[in-house]
Amino acid sequence: MSFAEGMMQADGSATLKLASLAPEQTPWGAALNKLAKDWSSISGGQINVQVYHNGVAGNEPDVIRKLKQNQIQAAVLTSVGLNEISPDIMTVSTPFLIRTEAELTAVLNELNKEMNDKLIAQGFYPIAWNRAGWLRFFARSPIKTPADLKKQKLGGPQSPAAFTNTFKSMGYQITPVGMNDTIMSLNSGAIDVVFNSPIAAAPTQVFGIAKHMSDFKIAPFVGAIVMNKPCWDNLPEKYKAKLLDNAASIGPTLDPKIVSLEDTAVKTMQDHGLNVVRTNQSDLDQWIADVDKAMPQLFSTKTFDADLHKKIQVILQKMRNK
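Residues numbered from 1 in each chain as written. Predicted model: local features only at pLDDT ≥ 70, side-chain atom pairs only at ≥ 80, totals over all residues. Heavy atoms only, no water.

Caption draft 1: Highlighting the nonpolar core. Among the nonpolar cores identified, the biggest contains 54 residues, and Trp-39, Phe-137, Ile-225 and Met-227 are the most heavily contacted of them. In this structure, Trp-39 is in contact with Leu-16, Ile-47, Val-49, Ile-127, Met-227, Leu-243, Asn-246 and Ala-247, ignoring residues within four places of it in sequence. One finds Val-63, Leu-67, Leu-77 and Ile-312 within the second-largest nonpolar core, a separate group that totals 30 residues. (Core = buried A, V, L, I, M, F, W, Y, C linked by side-chain atoms within 4.5 Å. Buried < 20%, exposed > 50% of the residue type's maximum accessible area, 1.4 Å probe, protein only. Contact = heavy atoms within 4.5 Å.)

Here's what the structure looks like:
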């Protein structure tokens with residue numbers, strides 16, 4: 001499908017189809033609806049955004065395929081989808097590397113141009129970056145240390161395969177599980193543990209089976225609004241700066257709401273039987289040491305990017321030494 005067939009209307013206006021996995025009745029849904037209204041206003045009705053909430057456009061691999069074919073022109077992608085486009089960006093979500101909201105903000109600000117360039121090189125134009133909470137372990141039995149996790153069957157991502165193979169070599173019982181198969185795999189006993197954000201775990205009822213959530217943060221879950229680059233290139237140049245400024249305002253508005261939503265999700269799950277497993281610095285040190293042992297292999301298999309990892313470490317070290 002050509003660019004014109006994908007978005008141009010008879011009156012010369014453009015309709016952009018934007019896909020999102022998030023339900024419309026969430027802060028993400030509200031932010032995207034506001035972006036659609038703002039972009040129409042900024043362009044005098046020449047650029048109209050039609051938002052497909054609730055994953056109706058498919059899962060992230062489906063959405064990426066449709067972006068490449070110009071069946072849709074924009075999408076909100078999480079770390080999982082961004083990994084499909086540019087695997088090295090997944091380095092931001094290296095377990096136990098970034099540990100606080102302030103550290104995440106500093107890394108995203110400092111490396112914004114580099115991460116944008118990586119997506120552009122793959123044919124996608126980043127409109128805005130955002131965060132989607134922090135990954136935690138949800139398990140049938142409490143997990144405080146790596147030894148506790150090794151006793152249970154962990155559901156891991158289906159790609160990259162090197163991630164699964166590395167953690168198998170470290171003694172973890174890890175099984176690739178599709179995002180839509182998590183509940184079924186937990187119910188069947190195929191897995192005992194998943195890592196998920198509380199915001200995602202609450203509505204999917206993961207915590208109803210995996211009732212024990214570790215209190216430590218494994219890694220930040222980030223995302224971005226991206227467009228296919230031919231679409232972006234063909235938008236009227238006179239509107240682009242204002243469109244980007246508008247999209248950039250989403251993060252500062254949305255990020256505090258995500259933090260609050262995550263806290264609310266944890267409290268709600270606790271009210272319905274979730275057990276938050278308390279850990280200490282000694283427990284956390286064991287996780288950091290365990291991941292550090294795996295990093296050379298993860299670098300060698302290109303699961304995470306060594307150069308980007310070093311840059312993140314430099315940023316974090318400066319912050320932690322203050």
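Caption draft 2: Region of the structure containing the environment of Pro-176. The residue Pro-176 is located in strand E6 (residues 173–176) in this model. Overall, the relative accessible area of 41% leaves Pro-176 in the partly exposed class. In sequence terms Pro-176 and Thr-164 are 12 residues apart; their C-alpha atoms lie 7.1 Å from each other. (Helix = DSSP H or I, 4+ residues; strand = E, 2+ residues; numbered from the N terminus.)

Caption draft 3: Structural context of helix H13 (residues 250–271). The end-to-end C-alpha separation of H13 is 31 Å, in line with the 32 Å expected for 22 residues at 1.5 Å each. For H13, the full list of buried residues reads Ile-250, Gly-251, Leu-254, Asp-255, Ile-258, Glu-262, Ala-265, Val-266 and Met-269. Looking down the long axis of H13, one finds its buried residues gathered within 115° of arc, a one-sided arrangement. Exposed side of H13, more than 90 degrees from the buried face: Pro-252, Asp-263 and Asp-271 are the residues found there. (Expected span 1.5 Å × (residues − 1). Arc of directions from axis to C-beta.)

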